[in-house]
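Residues per chain are reported as follows:
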Amino acid sequence: MTQQHPLSHGARALVLGSTSRYRRELLQRLRLPFEVLAPEVDETPLPGEAPAALAQRLALAKARAVAAQRPDAIVIGSDQVADLNGEPLGKPGNHERAVAQLRRMSGQTVLFQTALAVVCQETGFEASELAVVEVVFRTLDDATIERYLRAEEPYDCAGSAKSEGLGIALLERIVNDDPTALIGLPLIHTARLLRQAGLQLP
C-alpha cells in the first residue's frame, strides 16, 4: 500500500474512473453519490511486467488520468489481471480467445490481482492497495467450456471467468479477504481508502 497526505474534509465529489458496469454496480453499494468518467490509459503490459505490478500500475494510471480532468474530486481507479503462473491473462475479447483461456485454466489455480487506487490531485492524496483472490478451477472439458461461454459471453472479463454469474459453476474454491474483489472492485479496500481520503462512510 502507498499513501500520501490524507484530506481534512469530505465535501469533495467522488468520481469512478472506469467504464466497467460491474465496478459501477459495486460502488453503488456504498450509497455514495458519484460520477463516472472513462480513463484514457494504454493497458498494454510492459515487457516482463508481473501481473500484480501491471494491475497496480494501471489502477494508478487510471485514477491519475481522471484526476487530471477533475483535480478537485476524489477519484477511484481499479484494474484486474488474471495471473496464471506469473503470466497475465487479460480480457479475451472474443469467443476463440475465451476458449483458449479456459482450457489453460482448467484444473489450475489462478490469482486474480485486483488493484485499487484513490487520488485527489488538488490535495496531493494518493493511495493504492492490492486485493488478491485465489481461484481454483475445476477440470473443464470442451463441452462445459462451450456451454458456459454461449450462456454467459464473458468476453469483457479478465480470464473469461464471470464469478457473479454462471462462471461460479466452473470453480472448485475461492480464497480471499474481500468477496467483491473478484467482481472487479474490492469494496472493503475501497471503503478504507475513501475514509482515509476524507469521505464519511458507515
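Structure shown above.
Everything quoted here is computed from the prediction, not taken from an experiment.

Some details on the overall build of the protein
Move 1: Summing up its helical and strand segments, the protein has five helices and eight strands in all.
Move 2: Computed over its C-alpha atoms, the radius of gyration of the protein comes to 17 Å, within 12% of the 17 Å expected for a compact globule of 202 residues.
Move 3: Expressed along its principal axes, the backbone C-alpha trace of the protein runs to roughly 55 × 35 × 25 Å.
Move 4: Counting the 202 residues in the protein, one finds 51% classified as buried.
Move 5: Looking at the protein alone, contacts between residues at least 24 apart form 70% of all its contacts between residues at least 6 apart.

Examining the nonpolar core
Move 1: Membership of the largest hydrophobic core comes to 23 residues, with the highest contact counts inside it found for Leu102, Phe112, Phe137 and Leu149.
Move 2: At the level of secondary structure, the elements contributing two or more residues to this core comprise strand 4 (74–84), helix 3 (95–105), strand 6 (109–120), strand 7 (125–137) and helix 4 (142–152).
Move 3: Look past the residues within four positions of Leu102 in its chain and what remains in contact with it is Phe137, Leu140, Ile145, Tyr148, Leu149, Gly159, Ser160 and Leu170.

Concerning helix 5 (residues 187–196)
Move 1: Those residues of helix 5 that sit buried are Leu187, His189, Thr190, Ala191, Leu193 and Leu194.
Move 2: Here the buried face of helix 5 lies against strand 2 (14–17), helix 1 (21–27), strand 4, strand 6 and strand 7.
Move 3: Of the residues flanking the end of helix 5, it is Gly198, one or two places downstream, whose phi is positive at about 110°.

Describing the environment of Arg24
Move 1: Here Arg24 lies in helix 1.
Move 2: A residue is classified by how much of its surface remains accessible, and Arg24, at 31% relative accessible area, is partly exposed.
Move 3: With 161 residues separating them along the chain, Arg24 and Leu185 place their C-alpha atoms 8.8 Å apart.
Move 4: In contact with Arg24, other than residues within four places in its own chain, are Leu16, Thr19, Phe34 and Val36.

Considerations on the packing of helix 3 against helix 4
Move 1: The geometry of helix 3 relative to helix 4 is characterised by a closest axis approach of 10 Å and an angle of 135° between their N-to-C directions. Relative to helix 4, the element helix 3 lies oblique. When the axes of helix 3 and helix 4 are compared, the crossing they make is right-handed. Only Asp142, Ile145, Glu146, Tyr148, Leu149 and Arg150 of helix 4 make contact with helix 3, whose side of the interface consists of His95, Ala98, Val99, Leu102 and Arg103.
Move 2: Taken together, the residues of the contact of helix 3 with helix 4 sort by class into six nonpolar, one polar and four charged.

Examining the side chain of Ser106
Move 1: Along the chain, Ser106 falls in the loop between helix 3 and strand 6.
Move 2: A polar contact of 2.7 Å, which involves the side chain of Ser106, links it to the backbone nitrogen of Leu140.
Move 3: Residue contacts for Ser106: discarding those within four places in its chain leaves Arg138, Thr139 and Leu140.

Topic: unusual backbone geometry
Move 1: At Arg31, a position not held by glycine, the phi torsion is positive, near 55°.
Move 2: Locating Arg31 in the fold gives a position in the loop between helix 1 and strand 3 (35–37).
Move 3: We note that Ser160 has phi near 65°; this positive angle belongs to a residue other than glycine.
Move 4: For Ser160, the location among the structural elements is in the loop between helix 4 and strand 8 (171–175).

What counts, and where the lines are drawn
- Residues numbered from 1 in each chain as written.
- Predicted model: local features only at pLDDT ≥ 70, side-chain atom pairs only at ≥ 80, totals over all residues.
- Heavy atoms only, no water.
- Helix = DSSP H or I, 4+ residues; strand = E, 2+ residues; numbered from the N terminus.
- Rg over C-alpha atoms; globule rule 2.2 N^0.38 Å.
- Buried < 20%, exposed > 50% of the residue type's maximum accessible area, 1.4 Å probe, protein only.
- Contact = heavy atoms within 4.5 Å.
- Core = buried A, V, L, I, M, F, W, Y, C linked by side-chain atoms within 4.5 Å.
- Axes fitted to C-alpha atoms, helices over the stretch in contact; angles between N-to-C directions.
- Parallel < 35°, antiparallel > 145°, perpendicular 65-115°, else oblique.
- Left-handed = near helix turned anticlockwise from the far one by under 90°.
- Nonpolar A, V, L, I, M, F, W, Y, C, P; charged D, E, K, R; others polar.
- Polar contact = N/O pair within 3.5 Å; in protein donor to acceptor, adjacent residues only side chain to side chain.

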